[in-house]
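Report on the structure
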Amino acid sequence: MFTLHAVGKTFPDGLRALDAITAEIGAGEFVALLGPSGCGKSTLLRLLAGLERPSDGSISWESGRQPGPGDIGYVFQDATLLPWADAASNVFLPLRLRGVSRAEAAPRIATMLEQVGLADFAHTMPQALSGGMRMRVSIARALISDPLLLLMDEPFAALDEFTRHRLQEDLRGLWRRSGKTIVFVTHSIYEAAFLASRILVMSPRPGRIAADFSTPLPDGAARRGSPEYAALVADITETFRRVMPA
Ligand code: ADP
Ligand code: MG
């Protein structure tokens, strides 16, 4: 879907955030960008979204152009819902901004809410939803315009572990069913190993790609307890031991 060619980013204050990032990401991959705080993960997502430009190197898109706002869904750690609008109206927002009528969007809103497990909460206000449910609304809102690429920046980091596991499982299912390309930022080795089909391990700043793991693990409930999962977690842990300063 896109290729990063020796991408680097230096901010105007001279801070070198990313260095020599080279990777080819195929359509339908679920890529985890895994690395310690400050290694440039969010910066890399912003480059992919076209919100920042690389200082050196380049990103080339298979489609031949930088995807527009409708082609990219973005999900942040904070669900950032409109507090005065119910779940359905929050999911509707990106379509509303593009001039689609509510009547026209209604079936799609219902489908998206159902896909994230909130079919019965269309008219519930954000403050009456749990943290996990608010994040589900945020994911439905990101998917409403059927983007080619879903960018997620530590979306589950603020959730309790039980809720996080459920959302991880549901996101895996959603990815399997939809075939979307996902780039998911996390600093959790366990989360990356559970979710992704591929893990790019990043070094501390300036962020470089320290390792590139494919994760052909068993799917479904067996995944988290499988020996392959444990071995992958151990391999990633060992990679970090090599690249982290003592
Ligand atoms: P991560 O998401 O991996 O925690 P970030 O991409 O947010 O890391 O940031 C990488 C580094 O770049 C950090 O040291 C951060 O302080 C710095 N940084 C991020 N954005 C800017 C900016 N606009 N100007 C200057 N420095 C920035
Ligand atoms: Mg970040």
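Quick caveat: nothing in here was measured; it's all calculated off a predicted structure. (Residues numbered from 1 in each chain as written. Chains lettered and ligands numbered in written order. Predicted model: local features only at pLDDT ≥ 70, side-chain atom pairs only at ≥ 80, totals over all residues. Heavy atoms only, no water.)

Turning next to the site of ligand 1. Neighbouring ligand 1 are 13 residues; G38, K41, S42, T43 and R205 lie closest to it. Between ligand 1 and G38 there is a distance of 2.7 Å, counted from an oxygen atom to a backbone nitrogen or oxygen. Between an oxygen atom of ligand 1 and a side-chain N or O atom of T43, the distance comes to 2.6 Å. Coverage of ligand 1 by the protein chains reaches 66% of its 560 Å² of free accessible surface. Of the residues forming the shell around ligand 1, the biggest block, three residues, is contributed by helix α1 (residues 41–48). Residues of the shell around ligand 1, tallied by class, amount to five nonpolar, five polar and three charged. (Near = heavy atom within 4 Å. Polar contact = N/O pair within 3.5 Å; in protein donor to acceptor, adjacent residues only side chain to side chain. Areas by Shrake-Rupley, 256 points an atom, 1.4 Å probe, with all protein chains shown as cover. Helix = DSSP H or I, 4+ residues; strand = E, 2+ residues; numbered from the N terminus. Nonpolar A, V, L, I, M, F, W, Y, C, P; charged D, E, K, R; others polar.)

What follows covers the domain arrangement of the protein chain. Segmentation of the protein chain into domains returns domain 1 (2–67 + 148–243) and domain 2 (83–146). Together domain 1 and domain 2 conceal approximately 940 Å² of surface at their shared face, both sides included; 69% is due to carbon and sulfur atoms. Area buried by domain 1 at its contact with domain 2 is led by L167, L174 and K180, which between them contribute 42% of it. For R136, the salt bridge goes to D170, with nearest N and O atoms at 3.0 Å. In this assembly, domain 1 and domain 2 are joined by two residue pairs in polar contact (both at pLDDT 80 or more). (Domains from an automatic or database assignment. Buried area = accessible area lost by both parts, 1.4 Å probe. Salt bridge = Lys/Arg side-chain N within 4 Å of Asp/Glu carboxyl O.)

On to the layout of surface pockets. Empty space among the atoms becomes apparent when a probe as large as a water molecule is rolled across them. By volume, the largest pocket amounts to about 430 Å³. Lining the largest pocket are 18 residues; nearest its centre among them are P69, I72, G73, Y74 and P94. If you list the elements that add at least two residues to the lining of the largest pocket, you get β5 (72–75), α2 (87–97) and α4 (131–143). Along the lines of polarity and charge, the residues of the lining of the largest pocket split into 11 nonpolar, five polar and two charged. Lining the lining of the largest pocket are residues from two domains, each supplying at least three of them: domain 1 (2–67 + 148–243) and domain 2 (83–146). (1 Å grid on protein atoms, 1.4 Å probe; cavity = no way out; pocket = protein on both sides within 12 Å on 5 of 7 lines; lining within 4 Å. Points joined across faces, edges and corners; volume = space filled by probe spheres on them.)

One way to put it is that α2 packs onto helix α3 (residues 102–115) with a least axis distance of 9 Å and a crossing angle of 120°. Of the two possible hands of crossing, α2 and α3 adopt the one that is right-handed. Residues A87, A88, S89, V91, F92 and L95 of α2 lie in contact with α3, whose contacting residues are R102, A105, I109, M112 and L113. (Axes fitted to C-alpha atoms, helices over the stretch in contact; angles between N-to-C directions. Left-handed = near helix turned anticlockwise from the far one by under 90°. Contact = heavy atoms within 4.5 Å.)

A few words on helix α5 (residues 161–178). With 18 residues, α5 should cover 26 Å at 1.5 Å per step; its first-to-last C-alpha distance of 25 Å lies within 8% of that length. Burial in α5 covers these residues: L167, Q168, L171, R172, L174 and W175. Each buried residue of α5 sits inside an arc of 165° when the element is viewed along its axis, so together they form one side. Turned more than 90 degrees from where α5 packs its buried face, F162, R176 and R177 sit exposed. The inward-facing, buried residues of α5 abut β3 (30–34), α3, α4, β6 (149–153), β7 (181–186) and α6 (189–195). Looking one or two residues beyond α5, the residue adopting positive phi is G179, at roughly 70°. (Expected span 1.5 Å × (residues − 1). Buried < 20%, exposed > 50% of the residue type's maximum accessible area, 1.4 Å probe, protein only. Arc of directions from axis to C-beta.)

Sheet topology places strand β1 (residues 2–10) next to strand β2 (residues 16–25); six bridges connect them, and they run antiparallel. For F2, the partnering residue across the bridge sits in β2 and is I25. Once β1 ends, the chain turns through five residues before running back antiparallel as β2, passing G14 with a positive phi of about 95°. As judged from the five bridges shared by β1 and strand β4 (residues 56–61), these two strands associate in the antiparallel manner. Paired with F2 across the strands is W61, a residue of β4. (Pairing = 2+ DSSP bridges.)

Here we come to the pairing of β7. Extensive coverage of β7 is indicated by the burial of six of its six residues. Burial along β7 is two-sided: T181, V183 and V185 facing one way and I182, F184 and T186 facing the other are all buried. Looking at chain direction, β3 and β7 are connected through five bridges and run parallel. Its bridge partner lying in β7, A32 is registered against F184. Where β6 and β7 come together, five bridges link them in parallel fashion. Following the sheet pairing, D153 is matched in β7 by V185. Of the crossover connections in this fold, the one passing from β6 over α5 to the parallel β7 is right-handed. (Right-handed = clockwise from strand over helix to strand, strands pointing away.)

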